[in-house]
Amino acid sequence: MRLSELRTGDKGVIVKVMGRGAFRKRIIEMGFIRGKEVIVIQNAPLKDPIHYRVMGYDVSLRRSDAALIEVVSAADFEKEQATSVQDTNRSADSFILPSGNELQAIALHKGKTINVALVGNPNCGKTSLFNFASGAHEHVGNYSGVTVDAKEGTFQQNGYTFRIVDLPGTYSLSAYTPEELYVRKHLNEEQPDVVINVIDASNLERNLYLTAQLIDMDVRMVIALNMYDELEKSGDEFDYKSLAYMLGVPIIPTVGRTGEGLHEVFDAVVNVYNGNDEISQRHIHVNHGAEIEQSINKVRAAIGKNDSLRSRYSLRYHSIKLLENDSETEKIINTLTNRNEIIAVCYEEKKRLEKALGESSESAIIDAKYGFISGALKETFHPKE
C-alpha cells in the first residue's frame, strides 16, 4: 500500500520510494528510507499536507508525494489475512498481527522485489535477454485502448526478485507511433525502479539516441551493451567504461543469445536500486549547447511552479518535449493553472532559437543530441583501420 493511504495513528514501514530525480533524493534525505518506521500524526482536514513522524522527526508531505512511497502496515497485513481467511475458511482469531520488528522484516523482504523495464531499439536483442532471464515464467500484458503489448516475467538472483517488463522496441520517446506512446506511458505511469536500456553494439550512434532521451527522463538506468561478441570479432576498440562515466550510467557487455553478462547486468541493477553504484551517482544531463540550454531552463522555471509535476516527472524532460512540439506533453501542460504562462514562454523561446540557430527548436534539439553522442563516441570508439 502507499503511505498516503494510512490513517491518523497508523504505523507503517517503508518498502521503497518511487518518483524521479530531485524529488526522490529529497524524500530519502528527509528520512523516508527502506525499513524505517513512519507514523501518521495527523491527516489535514483538507487532505493536504499530512503530518508524519520518521526517524524521530516530524515532517509534512503532500498527499501526492506520499502516494509515491510504498509501505507495509499492520492494517495492510490485516487486509491480506482477511482475504486469506475467506480463501481458507480459517478463523480470523487464528491470525496474529505482526510486531514492529516483523513488519520491518516484511518491508525489507518486499523491498527486494525490483521492477525492471527493458527498453531498446527494435532488433537490439532485447527480447533475447528477456527470454533468457525469465524462461517460461512470462505472460503478456497490455494497456486498454492500445494495440501493442509487452511481455512480463520474473527472474531471481542473490535474494532479489526482478519483475521484468519487455517493452516494445522503439527508436525514440517521441509521440508519433503506438510503440513510442506505450513505452512513455509505462515509464511515466508505472515508474519502474530501474530501466535496462539494451543497446546493439554494432549500431552505437543510432541506439544511443534513445539512451539520451532516457537520460532526459531522469530514470535510474543500466545499459546492456548487447551483441558485444560481434563487436569484439570486428576488431573495433570500444572503451565502454569511459562512455559509462560520461553518461553517468553503468554499461555491461552482454550476449543475448547465450546469456553472457546477464548476471552482471542484474548485479548492476541491484547496485543502482540500492544507491551503491558510483557511476550512476553522477547526475548527467545531455548538453544541448548554450542556446538550447538557456531555453530549457526558462521553460523549466515556468513548469516548475507546479508542485504536482515535480514528484512524478522530470521537469527538464517536459521542457525539452515542449520545445520539440510534443503533443502528449502539451496535453499535460494544458491541465496546469499557469498553462498560458508556460505556452507563452515556450513560444518566445522557440522563436528565439529559430532566429539564433537557423532551424526549428525540434530539429536543433535532435541535432544537439546526435552531436553529444558523436562527441562521446569519438573519444571512446575506434573502428579497426
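Residues numbered from 1 in each chain as written. Predicted model: local features only at pLDDT ≥ 70, side-chain atom pairs only at ≥ 80, totals over all residues. Heavy atoms only, no water.

### What about the pairing of strand S11 (residues 221-226)?
Here is step 1 of the chain: In terms of residue burial, S11 counts as a mostly covered element, since six of its six residues are buried.
Here is step 2 of the chain: In S11, alternate side chains face the same way, and those of Met221, Ile223 and Leu225 on one face and Val222, Ala224 and Asn226 on the other are all buried.
Here is step 3 of the chain: Of the pairings in the sheet, the one linking strand S10 (residues 194-200) to S11 comprises six bridges and is parallel in character. In the strand pairing of S11, Asn197 is matched with Ile223.
Here is step 4 of the chain: For the segment spanning S10, helix H7 (residues 204-217) and S11, crossover handedness is right-handed.
Here is step 5 of the chain: Sheet topology places S11 next to strand S13 (residues 251-253); three bridges connect them, and they run parallel. (Buried < 20%, exposed > 50% of the residue type's maximum accessible area, 1.4 Å probe, protein only. Helix = DSSP H or I, 4+ residues; strand = E, 2+ residues; numbered from the N terminus. Pairing = 2+ DSSP bridges. Right-handed = clockwise from strand over helix to strand, strands pointing away.)

### Focus on the sheet that holds strand S2 (residues 37-43)
Here is step 1 of the chain: Strand order in the open sheet formed by five strands is S4-S3-S2-S1-S5, with antiparallel pairing between adjacent strands. Every other strand in the sheet has two partners, leaving strand S4 (57-61) and strand S5 (69-73) as the edge strands with one partner each. Between one strand axis and the next, the sheet turns by 40° as a mean value, whatever way the strands run.
Here is step 2 of the chain: Relative to S2, strand S1 (residues 11-17) runs antiparallel, the two sharing three bridges. When the bridges of S2 are listed, Gly12 appears paired with Val38. (Axes fitted to C-alpha atoms, helices over the stretch in contact; angles between N-to-C directions.)

### Looking at the environment of Ala268
Here is step 1 of the chain: Here Ala268 shows up in helix H10 (residues 262-273).
Here is step 2 of the chain: In this structure Ala268 comes out as buried when scored by relative accessible area, which is 7%.
Here is step 3 of the chain: The sequence separation of Ala268 and Ile252 amounts to 16 residues, and the corresponding C-alpha distance is 8.1 Å.

### Some details on the packing of aromatic side chains
Here is step 1 of the chain: Tallied over the entire structure, the rule returns seven aromatic pairs.
Here is step 2 of the chain: Ring centres 4.6 Å apart and planes at 40° place the aromatic pair Phe155 and Phe266 in the tilted group. With Phe155 in strand S8 (residues 149-157) and Phe266 in helix H10, this residue pair connects regions lying 111 residues apart in the sequence.
Here is step 3 of the chain: Summarising the aromatic geometry, the rings of Tyr209 and Tyr370 are spaced 4.9 Å apart at their centres and angled 15° between planes, so their arrangement reads as stacked. Placement of the pair is Tyr209 in helix H7 and Tyr370 in helix H16 (residues 361-380), with a sequence separation of 161 residues.
Here is step 4 of the chain: The class for Tyr209 is buried, based on a relative accessible area of 6%.
Here is step 5 of the chain: Judged by relative accessible area, Tyr370 falls into the partly exposed class, the value being 24%.
Here is step 6 of the chain: An aromatic cluster is defined as three or more aromatic residues linked by ring pairs; in this entry it consists of Phe155, Phe162 and Phe266.
Here is step 7 of the chain: Sitting above the plane of the Tyr160 ring, Lys112 keeps its charged end 5.2 Å from the centroid. (Phe/Tyr/Trp six-rings, centres within 6.5 Å; stacked < 30°, edge-to-face > 60°. Lys NZ or Arg CZ within 6 Å of the ring centre and 35° of its normal.)

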